[in-house]
Amino acid sequence: MAEPFYITTAISYPNGKPHIGHAYEAIAADVIARFQRAQGRDVRLVTGTDEHGLKMVQTARAEGVDTRTYADKMSQYFRMMCDDLNISYDAFVRTTEQRHADASIAIWKAMEAAGDLYLDRYEGWYSVRDEAFYDESELVGEGDERRSPQGTPVEWTVEETWFFRLSKYQDRLVQLYRDNPAFIQPDSRRNEVVRFVEGGLKDLSVSRTSFDWGVPVPGSPGHVMYVWVDALTTYMTGVGYPQREGDYDRFWPADIHLIGKDIVRFHAVYWPAFLMSANLPLPKQVYGHGFLLARGGEKMSKSAGNVVDPMELADRFGVDNLRYFLMREISFGQDGSYSAEAIVTRCNAELANSFGNLAQRTLSMIFKNLEGVLPEAGKDEADRSLLDKVHSACRDLDKEFAGLAFSQGLDAWMSAVFACNAYVDETAPWALKKGDPERMAAVLGTLVVAIRALAVAVHPVIPASAERLITLIDSGKAGAAIAQPSPIFPRLELPEDAEKPA
């Protein structure tokens, strides 16, 4: 049986429509999932929406609808984004589902049985936008200008809540980070978390009484679970928890929680502490990727007015072009930026002009000159050398993708594409048509082998386009003629409004 591999995205908070940052994370997770499937792993990819909390209540009220209606509408936008961007998710979990309430109640009871929950009074700073509590020492600014470390407004909150004995797990967490350096990646995120935990942990408020939109705390009327207890448990809901057999037994613990760097603390401190308390296995890795920044290096936010609908970009440039650009342009784990001009320039140069043109002219020559029948690869030194370069580059891509270094892997892939185009220029198959048709056929056959290998290698990034190309080539097996090829990547045009943020 194939080895299991479980990856999750963050569980998106749908108090607004998806922005390009959500798309970036979903695409990266999908690339990882597709890559692992190509390696023969039995993959489970889970995503979803985190629909509880005060922020959802306030936003729904502002729109004049009840919270459930609002949650239903907004969650659907995130599901549609995943579908439209060709995200191969296996489960889409909503925190308002009964199966998720069952999972949340189960982990709560496990923490309660461990003696790690107690009732007390909370007084402190709370950010509604982050759904997070902050210590005074973490805030910036004074008076009404106090802000969280994320720059969001905070308000003084006083209410009776259940507390989780987070302080009890400080030493175990530090030991976890020391014994498992790969638990938090990249290293810069790990170092930040280690400093935070070594600075001392206070017990965490894990219930609210100021609103009722959440999973009810069992046996404690008027209390709903703190949204992060609820949200983080989604990762186990996606594989069937609280059932311990079946998918849970096969896939848990997760191999990777892929999240934004701004929520690493919740995933790398609170989540493992909850799981330790509940005596459940810990995920193998929490990976905090960087932000996708708007032009000028600004973080996107509704308040800044620079949020971009990823589906507008996909409609304008094509889904696979967008996927390729995001994985190629940005060193994964670091912040990156984008613009319409950058997307057009990158995709035209590498997909349309280099790889797409290579495939189009090779297959067109076969269709026109060989009646569409794919020839055998050549045996000359130049032919073997090219295929060696292509297969070596594909192995390099696999190695880099295994380490989530997508840009570097695609750089290796492009080196092979360039080698193929140089081979075309050197062998000039169009000139061999009359003088040496057998050599022309051998050159074209060599290129077909190379192009198919390149399409297979890049499939996780541009699945629809690669699949079209692979299907066309495979249709020519056993001597069958291929259909007339059409361009896989038509050239993009820079839109007239390119001076605006893309």
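The structure we're discussing is the one just above.
Just so you know, these numbers come straight off a predicted model, no measurement behind them.

A. Quick peek at the sheet that holds strand β6 (residues 155-164). Taken in spatial order, the 4 strands line up as β5-β4-β6-β8 in an open sheet, and their pairing is antiparallel. Each edge of the open sheet is held by one strand with a lone partner, namely β5 (132-134) and β8 (204-205). Two strands pair when backbone bridges link them, and strand β4 (residues 117-127) and β6 are joined in this way by 10 bridges, in the antiparallel orientation. The residue bridging L119 from the neighbouring strand is W162, located in β6. Taken strand by strand, helix α9 (residues 264-277) contacts β5, β6 and β8, and its axis lies near 30° from that of β6.

B. Geometry of helix α16 (residues 437-458). In this model α16 runs 31 Å from its N-terminal to its C-terminal C-alpha over 22 residues, within 8% of the 32 Å that 1.5 Å per residue would give. Burial within α16 is extensive, with 17 of its 22 residues counted as buried.

C. Summary view of the environment of T152. When you line up the elements, T152 lands in the loop between β5 and β6. Taking the relative accessible area as the measure of exposure, T152 reaches 4% and is therefore buried. As a C-alpha pair, T152 and D130 span 22 residues in sequence and 7.3 Å in three-dimensional space. Apart from the residues lying within four places of it in its own chain, the contact partners of T152 are S127, R129, D130, R146 and R147. Within the structure, T152 has its side chain in polar contact with the side chain of S127 (distance 2.9 Å).

D. Focus on the nonpolar core. The biggest cluster of nonpolar side chains holds 94 residues, and the ones touching the most others in it are L326, M327, F355, W413 and L447. Apart from the residues within four sequence positions on either side, W413 is in contact with Y324, L351, F355, L397, L454, A457 and V458.

E. Broad picture of the packing of helix α13 (residues 381-402) against α16. As a packed pair, α13 and α16 sit with axes 10 Å apart at the nearest point and diverge in direction by 5°. Here α16 runs roughly parallel to α13, going by the angle between their axes. Between α13 and α16, the residues in contact are D383, L386, L387, V390, H391, C394 and L397 and R439, T446, L447, V449, A450, A453, L454 and A457, respectively. Looking at the contact of α13 with α16, its residues break down into 11 nonpolar, 2 polar and 2 charged.

F. Fine view of the environment of H391. Mapped onto the elements of the fold, H391 is located in helix α13. Overall, H391 belongs to the partly exposed group, its relative accessible area being 34%. On a C-alpha basis, the gap between H391 and A450 in space is 8.1 Å, while along the polypeptide they are 59 residues apart.

G. View of the packing of helix α4 (residues 98-113) against α9. With their axes 8 Å apart at the nearest point, α4 and α9 run at an angle of 70° to one another. If you check the angle between α4 and α9, you find them roughly perpendicular. When α4 is examined against α9, the residues I107, A110 and M111 are found in contact with a partner set consisting of W271, F274, L275 and S277. When its residues are assigned to classes, the contact of α4 with α9 shows 6 nonpolar, 1 polar and no charged.

Calculation criteria
- Residues numbered from 1 in each chain as written.
- Predicted model: local features only at pLDDT ≥ 70, side-chain atom pairs only at ≥ 80, totals over all residues.
- Heavy atoms only, no water.
- Pairing = 2+ DSSP bridges.
- Helix = DSSP H or I, 4+ residues; strand = E, 2+ residues; numbered from the N terminus.
- Contact = heavy atoms within 4.5 Å.
- Axes fitted to C-alpha atoms, helices over the stretch in contact; angles between N-to-C directions.
- Expected span 1.5 Å × (residues − 1).
- Buried < 20%, exposed > 50% of the residue type's maximum accessible area, 1.4 Å probe, protein only.
- Polar contact = N/O pair within 3.5 Å; in protein donor to acceptor, adjacent residues only side chain to side chain.
- Core = buried A, V, L, I, M, F, W, Y, C linked by side-chain atoms within 4.5 Å.
- Parallel < 35°, antiparallel > 145°, perpendicular 65-115°, else oblique.
- Nonpolar A, V, L, I, M, F, W, Y, C, P; charged D, E, K, R; others polar.

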